[in-house]
Amino acid sequence: LLRTQALYLLGRWDDVESLLPQATAAAAKAHSALLSAEVELRRGALLVARSQFTAARSAFQNTLKEAEKQHDDYLGSLAANYMGYALLQESRYDEAIPWFERARAYSAHLGAADSVARADGNIGASYAGLGDYENARLHYDRALAAFDRTGNLYEQQIWLGHAGNLSFYQEKYAEADAQYTRALGIARSMGDRRRTGIWLSNLASASVELAKWDAARKYYDEARETNRDDRNHESNLLNIAAQIAAGENRPEEAARLYREVLKSEADDPTIALDAHAGLARLYVQNHQLASAGNEFRAATDAIDRRGAKLNDDYRLSFLSSLIRFNREYVDFEMARGEPEEALEVAESSRSRVLAGRSGSLQTAKPRPASEYRQIARRTGAVLLEYWFGEHRSYLWVITADKIYCHALSPRNVLQPLVENWRAVIASGRNPLEVARDTGERLYTELLSPIATDAPGRNRFIIVPDEDLYSLNFESLPAGAGSSKFWIEQATTAIAPSLNYLTAEARKPVRGKTGKTKMLLIGDPESTDPQFPKLEFAGRELDSIASAMAAPGSKVLRGSEARPDSYASASPEQFGLIHFSAHATANPISPLDSSVILSGPPDQCRLRAHDVMKIPLKAMLVTVSGCRSAGGKTYSGEGLVGFAWAFLKAGADNVIAGLWDVNDRSTMELMSRLYSEIAAGAEIPDALRTSKLALIHEGGAYRKPFYWAPFELYTARD
């Protein structure tokens, strides 16, 4: 058993596999259930290393059962930690967190300080995967403080590196530099050559971003002397050398090095993308705009040609680089005075980032801007496309006749305004009363151009960006000095992208909604303390079923509301589908977003990737739960979470929640929504009317906290 662990740490998987049967036989001969359980644990670890995750999780469950039976907290801690690690490797970050918390509790009971700290670090890694950087940093800091107290240098450098990467992705380069520097000092003191090379390389990258060219050169020269046998490492160093040459005003050498990078064919797609972006930047600086445009196009063509599954090891770094590349490309087209080309680039970038979050680089064919005006003509709506930028942001207002473009304030101005507005709403206050200045600034920036470009229009399809995905535009004031919300003069829907709408344009038109068969699933039996029973879910189902009494409708509730029940109900036959249950969103890996139904904690999730396997013809899917549209939001990402999954499965529209919702107010809103639909109202109008009913009733439910979480996402033009 000890030999298998040593061989596992050496990465000699075949040797581990050959020894495990001997360990199994020896444990059985010794009549030791705990030893047998530990052998099973090691087998699970091997299965994770070979990406056989389902079998691995079964092995860890078996180990946990025996650990609990024998009251062995040590073995329980190991099994829970490995279970969390397996889920982390699958990008199922929200599911990994409770397992790491369980491992932490076991370790705390044992007084195992290092294991507690390691669990904290893994919880931080899970939050980082979810894009919740605030919680990630909190847990990284806890882990580092604990390892500092225990003097565990090996673990300190690992989690300093994780913290540095987090800072780097957030573009906090000075923080990243300090964290990598500390990690480098530890690695050197331990004689850890491999990690010394990693931290030197990372420090060189941070120094490049800080324009500290002497330091970048120093770190680069040192990094070259280590880890020469790693192809990705060598290609990354070439990129850094090119960036240094460009920063030191040696453009010919920089261009030569970037071209060498592109010939290296590294496994990490981030490296080639950064090289293309670097070349394009050189051309822009030398006023070779045609060559710069060719390089930007070459980069996007290379991404599309790759089209393969995106390795989870590279996903975060690749998406971070892709987002930055897209910003530069949009700014380039705007600087050339080509706003419609910039719009086309912005739209294509949304598709690529969303595809990357789904584990693939394969995207739909780009569309010309003229098709967006056709969407506006067919829908009778004004299309609003937003783009957050480092130096300036943009709004494209698209009507049937013309595409207008407006420069807005940069991200660092708009983002705090959005965060403040959301914070006021989340606190249960009326933002029109307590945050009027913030509301009016947001209205001026985001909505006032519409009055000039499309006067008198009241139907809008919005494509947000970054933090704007977390903003319900309906909650903004209706104008400067107005005491009304924008919803009182506007009917809105959110689209993942305009390209998505054009791609879906050929779907057959549905019939009227009034007497459509409906599938209702909800009021599940809770088996996970993370997701307590929703008090009003049963009454919500009853009121909707009463309003939508169409022949052939079906209700699955309580113990019948299981993930497997969804597939067996043949959801493709229903025009309306409604879930009254908790939901979780995984923004980095949208296909692992889930609706939480009945069943054991490891079998109660209806996952987005399972939803997408079953084609739908529904006019509307509603996920009446917490954070069902998406948790955190990211630049250029498009829609995430279950809303996106149901649209991809074929639903015309999805209603989903932006934040944790009040159970009782949700019941009232949903009851009104389906009463309106049953009376024949169009879905956008039905949702708006239901929200207005809460607003006009007065009292607490007038506040956006109660009516604004639910938004309509559409794939129909």
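For the structure, see preceding data.
Residues numbered from 1 in each chain as written. Predicted model: local features only at pLDDT ≥ 70, side-chain atom pairs only at ≥ 80, totals over all residues. Heavy atoms only, no water.

Quick look at the overall build of the protein
Okay, so step 1: Tallying secondary structure elements over the protein gives 31 helices and 14 strands in all.
Okay, so step 2: Buried residues in the protein amount to 58% of all 717 residues.
Okay, so step 3: A separation of at least 24 residues holds for 70% of the contacts in the protein among residues at least 6 apart in sequence.
Okay, so step 4: A total of about 28600 Å² of accessible surface is found on the protein, and carbon and sulfur atoms cover 49% of it. (Helix = DSSP H or I, 4+ residues; strand = E, 2+ residues; numbered from the N terminus. Buried < 20%, exposed > 50% of the residue type's maximum accessible area, 1.4 Å probe, protein only. Contact = heavy atoms within 4.5 Å. Areas by Shrake-Rupley, 256 points an atom, 1.4 Å probe, with all protein chains shown as cover.)

Here we look at a nonpolar patch on the surface
Okay, so step 1: Taken together, the side chains of Leu153, Tyr154 and Met190 define a hydrophobic patch exposed on the protein surface, amounting to about 260 Å² of accessible area.
Okay, so step 2: By relative accessible area, which is 38% here, leucine 153 ends up partly exposed. (Patch = residues over 30% accessible without salt bridge, like charges linked within 9 Å, V, L, I, M, F, W, Y side chains within 5 Å. Salt bridge = Lys/Arg side-chain N within 4 Å of Asp/Glu carboxyl O.)

Observations regarding the environment of phenylalanine 536
Okay, so step 1: Mapped onto the secondary structure, phenylalanine 536 falls in the loop between strand S6 (518–524) and helix H25 (537–547).
Okay, so step 2: Its relative accessible area of 9% is what places phenylalanine 536 among the buried residues.
Okay, so step 3: C-alpha of phenylalanine 536 to C-alpha of serine 665: the two residues are 129 residues apart in sequence and 9.3 Å apart in space.

Description of the pattern of salt bridges
Okay, so step 1: Under the counting rule described, the total for this entry stands at 39 salt bridges.
Okay, so step 2: With a closest N to O distance of 2.9 Å, glutamate 466 and arginine 411 form a salt bridge. With glutamate 466 in the loop between strand S4 (459–463) and strand S5 (491–494) and arginine 411 in helix H20 (residues 411–426), the pair connects residues that are 55 residues apart, well separated along the chain. A single burial state applies to glutamate 466 and to arginine 411, both of which are buried.
Okay, so step 3: What you see here is one network of salt bridges that share partners, running through Arg57, Glu90, Arg92, Glu95, Arg605 and Arg607.

Some points on the nonpolar core
Okay, so step 1: Within the largest apolar cluster, 98 residues are counted, with the highest numbers of intra-cluster contacts made by Tyr386, Leu446, Phe473, Tyr566, Phe579, Val621 and Phe646.
Okay, so step 2: Here this core gets seven residues from one element, more than from any other, and that element is helix H28 (residues 642–649).
Okay, so step 3: Residues Val48, Leu144, Ala223 and Ala245 belong to the second largest nonpolar core, which totals 86 residues. (Core = buried A, V, L, I, M, F, W, Y, C linked by side-chain atoms within 4.5 Å.)

With respect to the pairing of strand S1 (residues 382–387)
Okay, so step 1: Taken across its six residues, S1 has six buried, putting it largely inside the fold.
Okay, so step 2: Here S1 shows no split at all, with Val382, Leu384 and Tyr386 on one side and Leu383, Glu385 and Trp387 on the other all buried.
Okay, so step 3: The hairpin turn running from S1 into strand S2 (residues 393–398), its antiparallel successor, is five residues long. (Pairing = 2+ DSSP bridges.)

Description of the packing of helix H5 (residues 73–89) against helix H6 (residues 93–110)
Helix-helix packing is characterised by the crossing angle of the two axes and by the distance between the axes.
Okay, so step 1: Close contact between H5 and H6 brings their axes to 8 Å; oriented N to C, the two are set at 160°. Accordingly, the angle class assigned to the pair H5 and H6 is roughly antiparallel. Handedness of the crossing formed by H5 with H6: left-handed. Here H5 contributes Asp73, Tyr74, Gly76, Ser77, Ala80, Asn81, Met83, Gly84, Tyr85, Leu87 and Leu88 to the contact with H6, which in turn contributes Tyr93, Glu95, Ala96, Trp99, Phe100, Arg102, Ala103, Tyr106, Ser107, His109 and Leu110. (Axes fitted to C-alpha atoms, helices over the stretch in contact; angles between N-to-C directions. Parallel < 35°, antiparallel > 145°, perpendicular 65-115°, else oblique. Left-handed = near helix turned anticlockwise from the far one by under 90°.)

Some points on unusual backbone geometry
Okay, so step 1: Its identity as a non-glycine residue notwithstanding, alanine 211 has a phi of 60°, on the positive side.
Okay, so step 2: Mapped onto the secondary structure, alanine 211 falls in the loop between helix H11 (193–209) and helix H12 (213–224).
Okay, so step 3: In this model, asparagine 249 sits at a positive phi of 60°, which is unusual for a non-glycine residue.
Okay, so step 4: In this fold, asparagine 249 is placed in the loop between helix H13 (231–247) and helix H14 (251–264).
Okay, so step 5: A residue is classified by how much of its surface remains accessible, and asparagine 249, at 67% relative accessible area, is exposed.

Some remarks on the packing of aromatic side chains
Okay, so step 1: Here the structure, examined in full by the defined rule, presents 18 aromatic pairs.
Okay, so step 2: Ring geometry for tyrosine 8 and tryptophan 13: centres 5.5 Å apart, planes at 55°, overall tilted.
Okay, so step 3: Classification of tyrosine 8 as buried rests on a relative accessible area of 17%.
Okay, so step 4: Since its relative accessible area comes to 30%, tryptophan 13 is described here as partly exposed.
Okay, so step 5: Looking at lysine 517, its charged tip hangs above the ring of phenylalanine 574, at a distance of 5.4 Å from the centre. (Phe/Tyr/Trp six-rings, centres within 6.5 Å; stacked < 30°, edge-to-face > 60°. Lys NZ or Arg CZ within 6 Å of the ring centre and 35° of its normal.)

Here we look at the side chain of serine 665
Okay, so step 1: Note that serine 665 resides in helix H29 (residues 663–678).
Okay, so step 2: A relative accessible area of 1% means that serine 665 is categorised as buried.
Okay, so step 3: Aside from chain neighbours lying at most four places away, what touches serine 665 is Leu694, Tyr701 and Tyr706.

Some details on H11
Okay, so step 1: For H11, which comprises 17 residues, the first-to-last C-alpha distance of 25 Å matches the rise-based estimate of 24 Å (1.5 Å per residue) to within 8%.
Okay, so step 2: At the C-terminal side of H11, alanine 211 shows a positive phi close to 60°. (Expected span 1.5 Å × (residues − 1).)

Topic: the side chain of asparagine 653
Okay, so step 1: In this fold, asparagine 653 is placed in strand S13 (residues 653–657).
Okay, so step 2: Residue classification places asparagine 653 among the buried positions, given a relative accessible area of 10%.
Okay, so step 3: In this structure asparagine 653 touches Met619, Leu620, Val621, Leu647, Ile683, Leu712, Tyr713 and Thr714, once residues within four positions along its chain are discounted.

Observations concerning the packing of helix H9 (residues 153–169) against helix H10 (residues 173–190)
Okay, so step 1: Remark: H9 packs on H10, axes separated minimally by 8 Å, with the N-to-C direction vectors making an angle of 160°. With respect to H10, the axis of H9 lies roughly antiparallel. Note that H9 runs across H10; the crossing there is left-handed. Within the contact between the two elements, H9 uses Leu153, Tyr154, Gln156, Gln157, Leu160, Gly161, Ala163, Gly164, Asn165, Ser167 and Phe168 and H10 uses Tyr173, Glu175, Ala176, Gln179, Tyr180, Arg182, Ala183, Ile186, Ala187, Ser189 and Met190.

Comments concerning the environment of alanine 608
Okay, so step 1: Within the fold, alanine 608 resides in helix H27 (residues 608–611).
Okay, so step 2: Given a relative accessible area of 0%, alanine 608 falls into the buried group.
Okay, so step 3: Here the alpha-carbon distance between alanine 608 and alanine 645, two residues 37 residues apart in the chain, equals 5.4 Å.

Points about the sheet that holds strand S10 (residues 594–596)
Okay, so step 1: Spatial strand order, S9-S10-S11: three strands in an open sheet with antiparallel pairing. Of all strands in the sheet, those bounded by a partner on one side alone are strand S9 (583–584) and strand S11 (605–607).
Okay, so step 2: Pairing between S10 and S11: three bridges, direction antiparallel. Within S11, the position partnered with serine 594 by the bridge is arginine 607.

Details of the pairing of S13
Okay, so step 1: By the criterion of burial, S13 is predominantly enclosed, with five of the five residues buried.
Okay, so step 2: Burial of S13 is two-sided: the residues Asn653, Ile655 and Gly657 facing one way and the residues Val654 and Ala656 facing the other way are all buried.
Okay, so step 3: Here strand S12 (residues 620–623) pairs with S13 via four bridges, running parallel. Each bridged residue has a counterpart across the sheet, and for valine 623 the counterpart in S13 is alanine 656.
Okay, so step 4: Pairing of S13 with strand S14 (residues 710–714) involves five bridges; the strand directions are antiparallel. Bridged to alanine 656 within S14 is glutamate 711.

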